[in-house]
Amino acid sequence: MSMLEVIALHAGDAERAEAGGADRIELLGTMDDDGLSPEPALVDKVRRATSIQIRPMVRLRAGFGTDGGEATRLKGLISSYLDAGADGVVLGFINGHSEVDVEVVTELVGEAEFPWTFHRAVDHCLNLNRAWATLLTLPRLDQVLTAGSARGVEQGLDDLLTRARSNERIAQLVMVGGGLKAEHVPWLVRAGVRAFHIGSPARPGGSYKAWVDSDLVRTWRTLIDDTIGHERSRNV
């Protein structure tokens, strides 16, 4: 099994991502501050336009912190997203000690049954080993979007490879994104990673002013599937 997730900003992006073979979209309202929450009405519109999985971003401001008042608002937003047809959500918060904010995250995901992604807030934690140990305890977390470094995959690749090789559960959770390049994929697949996230590489010129291009998405789909297939045959 593999996962290709593509950032979408509107229904047109989602349709083109699906046409290119994406498994899921991360739906954003805007790319401001590295991606903020969409309106629930947009989730509904995208749901009617595509059949692949949708996970909206749950984040209303810059940074990775929040407070009790905003958390209440975020819980309402999650409920609205699910009602509009989202399959899960993307969220992630760290506290004043630059550690995973377990209290806030647990409050947001509650006891409901939806799956969710912890986003790149993990790359901003002070102690990555401690952060990952914490993530492994969170309920229904099935993906962690990470570049291995706050500066991107180029700088975080070695950490990603080491971490994925050291723990099969982590390898299953990791979804690599944030400066991901085609040449990174074989190394990551060899380490056991099977989930990949692209934003600008799915767009002409790498610009978010351009819509997602289905041919670019298909290029990544083919690369991932062929690389995983080659790895399987190598290990037979």
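Residues numbered from 1 in each chain as written. Predicted model: local features only at pLDDT ≥ 70, side-chain atom pairs only at ≥ 80, totals over all residues. Heavy atoms only, no water.

Q: Hey, could you run me through the pairing of strand 8 (residues 195-198) in this one?
A: Strand residues, when the strand is regular, have side chains that alternate between the two faces of the sheet. In strand 8, alternate side chains face the same way, and those of Ala 195 and His 197 on one face and Phe 196 and Ile 198 on the other are all buried. Strand direction decides the pairing type here: strand 1 (residues 3-8) and strand 8, joined by four bridges, are parallel. Counterpart to Leu 4 in the pairing with strand 8 is Phe 196. Bridge count for strand 7 (residues 174-176) against strand 8 is two bridges, and the pairing is parallel. (Buried < 20%, exposed > 50% of the residue type's maximum accessible area, 1.4 Å probe, protein only. Helix = DSSP H or I, 4+ residues; strand = E, 2+ residues; numbered from the N terminus. Pairing = 2+ DSSP bridges.)

Q: Where do I start with the nonpolar core in this structure?
A: Nonpolar side chains in soluble globular proteins tend to be buried together. Formed by 69 residues in total, the largest nonpolar core has its most connected members in Val 6, Leu 91, Trp 116, Phe 118, Leu 135 and Leu 188. Counting five residues, the second largest nonpolar core, distinct from the first, contains Ile 7, Leu 9, Leu 28 and Met 57. (Core = buried A, V, L, I, M, F, W, Y, C linked by side-chain atoms within 4.5 Å.)

Q: What is the right way to look at the layout of surface pockets in this model?
A: The gaps left among the atoms become clear once a water-sized probe is rolled over them. Roughly 490 Å³ of internal volume is contained in the largest pocket. In terms of lining residues, the largest pocket is bounded by 23 residues, among which Ile 7, Asp 34, Arg 120, Gly 178 and His 197 are the most central. A per-class count over the lining of the largest pocket returns eleven nonpolar, eight polar and four charged. As for the second largest pocket, its lining consists of 16 residues, of which Met 1, Ser 2, Met 3, Gln 172 and Arg 194 are closest to the centre. Secondary structure elements with two or more residues in the lining of the second largest pocket: strand 3 (53-56), strand 6 (141-146) and helix 7 (168-173). Looking at which element gives the most residues to the lining of the second largest pocket, the answer is helix 7, with three residues. Taken together, the residues that form the lining of the second largest pocket break down as five nonpolar, five polar and six charged. (1 Å grid on protein atoms, 1.4 Å probe; cavity = no way out; pocket = protein on both sides within 12 Å on 5 of 7 lines; lining within 4 Å. Points joined across faces, edges and corners; volume = space filled by probe spheres on them. Nonpolar A, V, L, I, M, F, W, Y, C, P; charged D, E, K, R; others polar.)

Q: Explain the packing of helix 1 (residues 11-19) against helix 2 (residues 40-49) to me, please; I cannot follow it from the model alone.
A: Any two packed helices are characterised by how steeply their axes cross, that is the angle between the axes, and by the distance between the axes. It is at 9 Å that the axes of helix 1 and helix 2 come closest, and there the two elements cross at 35°. Judged by the twist between their axes, the crossing of helix 1 over helix 2 is right-handed. Taking contact as the criterion, the partners of Ala 11, Ala 14, Glu 15 and Glu 18 in helix 1 are, on helix 2, Lys 45, Val 46 and Ala 49. (Axes fitted to C-alpha atoms, helices over the stretch in contact; angles between N-to-C directions. Left-handed = near helix turned anticlockwise from the far one by under 90°. Contact = heavy atoms within 4.5 Å.)

Q: What is the right way to read the packing of aromatic side chains from this model?
A: For any pair of aromatic rings, the description rests on two quantities: the centre-to-centre distance and the angle between the ring planes. Scanning the model with the defined rule gives one aromatic pair in all. Relative to Phe 118, the ring of Trp 116 lies with its centre 6.4 Å away and its plane at 55°, an arrangement referred to as tilted. This pair shows no difference in class: Trp 116 is buried, exactly as Phe 118 is. Its end group placed over the ring of Phe 114, Arg 140 keeps NZ or CZ at 5.2 Å from the ring centre. Over the ring of Trp 187 we find Arg 190; its NZ or CZ atom is 5.3 Å from the centre of that ring. (Phe/Tyr/Trp six-rings, centres within 6.5 Å; stacked < 30°, edge-to-face > 60°. Lys NZ or Arg CZ within 6 Å of the ring centre and 35° of its normal.)

Q: Honestly, the environment of Ile 25 in this entry has me stumped. Any pointers?
A: Assignment of secondary structure puts Ile 25 in strand 2 (residues 24-27). Along the sequence, Ile 25 and Ser 149 sit 124 residues apart, while their C-alpha atoms lie 22 Å from each other.

Q: I would appreciate a short explanation of helix 6 (residues 153-166) in the present structure.
A: For an α-helix, 3.6 residues make a turn, and residues three or four places apart therefore share a direction. With 14 residues, helix 6 should reach 20 Å at 1.5 Å per residue; the first-to-last C-alpha distance of 18 Å fits that figure. At Asp 159, helix 6 shows its largest kink, close to 30°. Against the buried residues of helix 6 lie helix 5 (128-135), strand 6, helix 7, strand 7 and helix 8 (185-190). (Expected span 1.5 Å × (residues − 1). Bend = angle between axes of the 7 residues up to and from the residue.)

Q: How do you make sense of helix 4 (residues 102-109) when you look at a structure like this?
A: Those residues of helix 4 that sit buried are Val 104, Val 105, Leu 108 and Val 109. Projection of helix 4 onto a plane perpendicular to its axis shows the buried side chains occupying an angular sector of 120°, all on one side. Directly beyond the C-terminal end of helix 4, a positive phi value near 50° is found at Gly 110. (Arc of directions from axis to C-beta.)

Q: I tried to follow the environment of Val 89 on my own but got confused; where do I start?
A: On the secondary structure map, Val 89 appears in strand 4 (residues 89-91). Judged by relative accessible area, Val 89 falls into the buried class, the value being 0%. Put simply, Val 89 and Gly 178 are 89 residues apart on the chain and 18 Å apart in space, counted from C-alpha to C-alpha. Once residues within four sequence positions are removed from consideration, Val 89 is found in contact with Arg 55, Pro 56, Val 58, Ile 78, Tyr 81, Phe 114, Pro 115, Trp 116 and Thr 117.

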